[in-house]
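# Reading the structure
Here is how the chains run, residue by residue.
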Amino acid sequence: MRAMLLDEPGGPLRSAEVDIPSPGPGEALLKVRSAGVGLTLAHIREARGPRVKFPRIIGHEIAGGIVEVGSGVTALSKGERCLVHFYLNCWNCKWCRIGRETLCSNLRGNVGTVVDGGFAEYVALPYQNFIPIPDELDYEAAAVTADAICTPWHVMKSRAHVKPMDDVLIIGAAGGVGIHAVQMAKLFGARVIAVDISEEKLAFCRQYGADEVINGRAQDIVEEVSRLTDGKGVEVCADFFGSPQTAEAGINALSTAGTFVIVGVEPGTFPFNISRLLREQVITGNRYCSYEEMREVIRVVARGLVKPVVTKRVALEDVEEVFDTLSRQTLLGRAAISFD
Ligand SMILES: [Zn+2]
């Protein structure tokens, strides 16, 4: 099969012909029809993210059709259309048993980091990682749902508990996950204040429902939030960029009893006045989404309540083009590899 191999951290993606994997007991083989490409993969590629074993076929946003099932698999059948939940969890620990599988105590790692992922024509994974999709969802929409849409669902619903009339600040709002977070917060009835770094990106956020926008390079985020909320601050800030600077701004922009959720992965520290927590603010993080939330959000997308935003499509062998765009910070929304 055709695949793009990553031989070492930060190295080029190499086009190669490799054997089609054979599904072992409890596994299934998926013919990949679409794979999403975003910033998480750029971090994984540079080994800034979760540990990666090399050589590796990266790619964790995957959708396609089941073509073979291994022994013992009865929950899936050939021909079934599925997307992939990309955490390889144990299903036995406390967290797996209470529906918070991404906190698994025995996590093996992720699809595309410790096992091969979606930058290939086929992928073999444990059957539990494949979640069936309805006919209304095309493969590209399903692939993007597998991270860029299900992650902000977990953020807004389970971490931030967004309510109607909340003011929600979204930092990194024009990115692949952020632009779906904008739509999600609107779906929950909030007023959305979108932060990004260019006028083109801010116009893009407005196009997908942002009520107000802030240029994080040209404007002071905390001052603008204060102006837009008459000094109240935002009930929720979701930070999809996640640098010490954006986190500090996001926390300082919170209202009394507001919630800050970090989703991005830029490491670092900043000074923090702990007395502000006496205003009952909540500072937390987000780790992907549960299997049940993924089943929910598939129905949300199938009903057209959130639109998958893919602005760039490439063939498998041209995926470097997407990483160039990501490194220039010019990609709007998500990109996807089309295998048709
Ligand atoms: Zn577990």
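Everything quoted here is computed from the prediction, not taken from an experiment.

### Focus on the coordination of the zinc ion
Coordination of the zinc ion by the protein comes from C90 (SG), C93 (SG), C96 (SG) and C104 (SG), over a distance range of 2.4 Å. One can describe the site at the zinc ion as tetrahedral: its 4 donor atoms subtend angles covering 101 to 116° at the metal. Here the donor residues of the zinc ion are spaced in sequence according to C-x2-C-x2-C-x7-C. The two residues C96 and C104 agree in class, both being buried.

### Structural notes on the packing of helix 3 (residues 139-159) against helix 8 (residues 291-302)
One can describe the packing of helix 3 onto helix 8 by two numbers: an axis separation of 9 Å at closest approach and a directional angle of 105°. One way to sum up the angle between helix 3 and helix 8 is to call them roughly perpendicular. Packed against helix 3, whose contacting residues are T145, A146, I149, C150, W153, H154, K157 and S158, the element helix 8 presents E293, M294, E296, V297, I298, V300 and V301 at the interface. Per-class residue counts for the contact of helix 3 with helix 8 are 9 nonpolar, 3 polar and 3 charged.

### Comments concerning the domain arrangement of the chain
Per the domain assignment, the segments of the chain are domain 1 (2-132 + 309-338) and domain 2 (150-285). The C-alpha-based centres of domain 1 and domain 2 are spaced at 28 Å. The partner domain 2 presents 17 residues to the 10 residues of domain 1 that form the contact. Interface of domain 1 and domain 2: buried area, both sides summed, is about 1,000 Å²; carbon and sulfur atoms make up 61% of it.

### Brief notes about the packing of helix 3 against helix 4 (residues 178-187)
At a minimum axis separation of 9 Å, helix 3 and helix 4 run at an interaxial angle of 45°. It follows from the interaxial angle that helix 3 and helix 4 lie oblique. Here the hand of the crossing between helix 3 and helix 4 comes out right-handed. Of the residues in helix 4, those in contact with V144, A148, I149, P152, W153 and M156 of helix 3 are H180, A181, M184, A185 and L187. Here the contact of helix 3 with helix 4 is built from residues that sort into 10 nonpolar, 1 polar and no charged.

About the criteria used
- Residues numbered from 1 in each chain as written.
- Predicted model: local features only at pLDDT ≥ 70, side-chain atom pairs only at ≥ 80, totals over all residues.
- Heavy atoms only, no water.
- Donors = N, O, S within 2.8 Å, 3.2 Å for Na, K, Ca; no water.
- Tetrahedral: all angles 85-135°; square planar, octahedral: opposite > 155°, others 65-115°.
- Buried < 20%, exposed > 50% of the residue type's maximum accessible area, 1.4 Å probe, protein only.
- Axes fitted to C-alpha atoms, helices over the stretch in contact; angles between N-to-C directions.
- Helix = DSSP H or I, 4+ residues; strand = E, 2+ residues; numbered from the N terminus.
- Parallel < 35°, antiparallel > 145°, perpendicular 65-115°, else oblique.
- Contact = heavy atoms within 4.5 Å.
- Nonpolar A, V, L, I, M, F, W, Y, C, P; charged D, E, K, R; others polar.
- Domains from an automatic or database assignment.
- Buried area = accessible area lost by both parts, 1.4 Å probe.
- Left-handed = near helix turned anticlockwise from the far one by under 90°.

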